[in-house]
Amino acid sequence: MIIEPVVKGVVARSAHPYGCQQAIRNQIDYVRAAEPIVGGPKKVLVIGASSGFGLASRIALAFGGSNADTIGVSFERGPSEKGVGTAGWYNNIFFREEAEKQDLIGKNFVGDAFSVSMRQQVIDYIKAEFGGKLDLVVYSLATGVRPDPETGEMWRSSIKTIGESVTGPTINIETDTMEPMTIDTATEEEIEATKKVMGGEDWESWIDILSEADVLADGCKTVAYSYIGPEATYPIYHKGTLGRAKIHLHDTGDLLNDKLARIGGEAYVSVCKALVTKASVFIPAFSPYILALFKVMQDKGVHEGCIEQMQRLFSQRLYGPQQHVPVDEQRLIRIDDWELDDDVQRQVSQLMAQITPENFTAVGDYQRYKTDFMQLNGFWLDGVDYQERVNLEALKALTP
Ligand code: NAD
Ligand code: NA
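Residues numbered from 1 in each chain as written. Chains lettered and ligands numbered in written order. Predicted model: local features only at pLDDT ≥ 70, side-chain atom pairs only at ≥ 80, totals over all residues. Heavy atoms only, no water.

**Quick notes on the packing of helix α4 (residues 116-129) against helix α6 (residues 201-212)**
Piece 1. Running from N to C, α4 and α6 cross one another at 40°; their axes reach a closest spacing of 11 Å. You can see that α4 and α6 cross each other, and the crossing is right-handed. From α4, Met118, Arg119, Val122, Ile123 and Ile126 reach across to α6, where they touch Asp202, Ser205, Trp206, Ile209 and Leu210.
Piece 2. Split into classes, the residues belonging to the contact of α4 with α6 amount to seven nonpolar, one polar and two charged. (Axes fitted to C-alpha atoms, helices over the stretch in contact; angles between N-to-C directions. Helix = DSSP H or I, 4+ residues; strand = E, 2+ residues; numbered from the N terminus. Left-handed = near helix turned anticlockwise from the far one by under 90°. Contact = heavy atoms within 4.5 Å. Nonpolar A, V, L, I, M, F, W, Y, C, P; charged D, E, K, R; others polar.)

Structure follows, in structure tokens:
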């Protein structure tokens, strides 16, 4: 069969396996040539490893100088009668293949990271086959739902404002149009549920259980990812439900840092740049900002994708020559520093003021935005023959 891109709204309904493989290889090539991670970890667990920042972390840590063995946990779907499967499914497979070529472990666990059984499987594997200890745990989940461990009922996150509703233009990738969308205000329950799903509670639980199982090495670090952004986007992000959840995540970072002190370990939250990922395209009214940001950062030559961000995080912040991890006054790692640069933000506000549904493809960098989205799903990559027939049976034979 020939695999065509299918996009519904901002959701990809197909993925190209060999395009995903090419995207993995491109990221590996980038980190191999980049400033290397010196003094980095050798045994790493990445929770949320199959796409976005988690996948980029895994690639940077394996191929960007640290030569880390990695365990990746993710929630993805393989090929079936319903379709070819998700991009993350293939990212896992082709990452592992590339890692094994370098004699590195690239073990994949596919299933629910929130479940007790997933924690147990990972711990058993660490003890039996991974050398017994981890020296870094990356927490990079992005999801809309989390089961309550006590009742099994689902908490659902909402992307809403707190205080006043906001109306703003939002991109529909399927139709290449911008449509006004209103973000309503959240109820107390919705704020709490979003905190449960995207806050730090599950991160803390993972670290507690790994610590009780005695699989954290002395000096073990852990890092989770956050977003803050400029004041212009505060109503939709930082001061909305997602931002509330992130504040909980930041507080969890401090709590875990205290807990890990016992073994000489450290916990950090890294605030990252706004990027196109499977998760971020869902945030209403956010797209004009990303379009303007990409355009300005591209023109200034400081644009980064997930892989550039993660290689810089590990080589220049979390590891590297300096004695201490550089953090801001709230103890956050700021790898969003280039995004929040004064001159970048001044130009972004000017550009954002000009963006309309009629002109956004020309004024902002919609080409980059859409290309990033298509490439997340294995499409629009150079060097891939999209006319070549893909054998579904051969794909079914590939295992994570
Ligand atoms: P993503 O959607 O690309 O990746 C999410 C990962 O979580 C995937 O590997 C997915 O399989 C996994 N996952 C989701 N639910 C799961 C479950 N129940 N069990 C196991 N695995 C599950 O998302 P992303 O954009 O890379 O986000 C990762 C983190 O980075 C989030 O905390 C996000 O808030 C943060 N962040 C994102 C941006 C951005 O612009 N995209 C910016 C700053 C920070
Ligand atoms: Na991720």
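Having seen the model, we can carry on.
**Digging into the side chain of Asp336**
Piece 1. Within the fold, Asp336 resides in the loop between β13 (333-334) and α10 (342-354).
Piece 2. For Asp336, a relative accessible area of 1% translates into the label buried.
Piece 3. Asp336 has contacts with Val271, Cys272 and Lys273, leaving out every residue within four places of it along the chain. (Buried < 20%, exposed > 50% of the residue type's maximum accessible area, 1.4 Å probe, protein only.)

**Some words on the packing of helix α1 (residues 17-33) against helix α3 (residues 87-101)**
Piece 1. For the pair α1 and α3, interaxial distance at closest approach is 9 Å and the crossing angle is 50°. As the angle between them shows, α1 and α3 are arranged oblique. The handedness of the crossing between α1 and α3 comes out as right-handed. For the pair α1 and α3, contact is made by Pro17, Tyr18, Cys20, Gln21, Ile24, Arg25 and Ile28 and by Ala87, Tyr90, Asn91, Phe94, Phe95, Glu97, Glu98 and Lys101, respectively.
Piece 2. Here the residues of the contact of α1 with α3 sort into nine nonpolar, two polar and four charged. (Parallel < 35°, antiparallel > 145°, perpendicular 65-115°, else oblique.)

**Comments concerning the site of ligand 1**
Piece 1. Near ligand 1 you find 30 residues, and of these Ser50, Ala113, Lys246, Leu275 and Thr277 are the closest.
Piece 2. Here Gly52 contributes a backbone N or O atom positioned 3.3 Å from an oxygen atom of ligand 1.
Piece 3. Here ligand 1 loses 93% of its free accessible area of 850 Å² to cover by the protein chains.
Piece 4. Every element with two or more residues in the shell around ligand 1 is listed here: α2 (52-63) and β11 (216-226).
Piece 5. In terms of residue class, the shell around ligand 1 is made up of 14 nonpolar, eleven polar and five charged. (Near = heavy atom within 4 Å. Polar contact = N/O pair within 3.5 Å; in protein donor to acceptor, adjacent residues only side chain to side chain. Areas by Shrake-Rupley, 256 points an atom, 1.4 Å probe, with all protein chains shown as cover.)

**Observations concerning the sheet that holds β13**
Piece 1. Strand order across the open sheet formed by seven strands is β5-β4-β3-β6-β11-β12-β13, with parallel pairing between neighbours. Only two strands of the sheet have a single neighbouring strand rather than two, namely β5 (106-110) and β13.
Piece 2. The sheet contact formed by strand β12 (residues 266-271) and β13 spans two bridges and is parallel. Its bridge partner being in β13, Ser270 is matched across the sheet by Ile333.
Piece 3. Contacts from α3 reach β4 (69-74) and β5 within the one sheet, and its direction differs from that of β5 by about 160°. (Pairing = 2+ DSSP bridges.)

**Details of the UniProt feature "binding site: substrate" (unreviewed entry) in the protein**
Piece 1. With numbering aligned to this structure, UniProt lists the feature "binding site: substrate" (unreviewed entry) at Tyr227.
Piece 2. The topology assignment puts Tyr227 in the loop between β11 and α7 (241-260).
Piece 3. Apart from residues lying up to four places away in sequence, Tyr227 is in contact with Tyr237, Lys246, Val271, Cys272, Lys273, Ala274, Phe286, Tyr289 and Glu339.
Piece 4. Looking at Tyr227, its side chain comes within polar contact range of the side chain of Glu339, at 2.7 Å. (UniProt positions renumbered as here; feature names shortened; annotations may be inferred.)

**A closer look at the coordination of the sodium ion (ligand 2)**
Piece 1. Around the sodium ion (ligand 2), the protein contributes the donor atoms Gly48 (O), Ser51 (O), Gly54 (N), Ser140 (O) and Ser140 (OG), which lie 2.7 to 3.0 Å from the metal centre.
Piece 2. One chain supplies every donor to the sodium ion (ligand 2), and in sequence these donors are spaced G-x2-S-x2-G-x85-S. (Donors = N, O, S within 2.8 Å, 3.2 Å for Na, K, Ca; no water.)

**Describing helix α5 (residues 188-198)**
Piece 1. Those residues of α5 not exposed but buried are Ile191, Ala193, Thr194, Val197 and Met198. In a view along the axis of α5, the buried residues occupy a sector of 165°, so they form one face of it. For α5, exposure combined with an orientation more than 90 degrees from the buried face picks out Glu188 and Glu189.
Piece 2. Here the buried face of α5 lies against β7 (145-147), β8 (154-156) and α7. (Arc of directions from axis to C-beta.)

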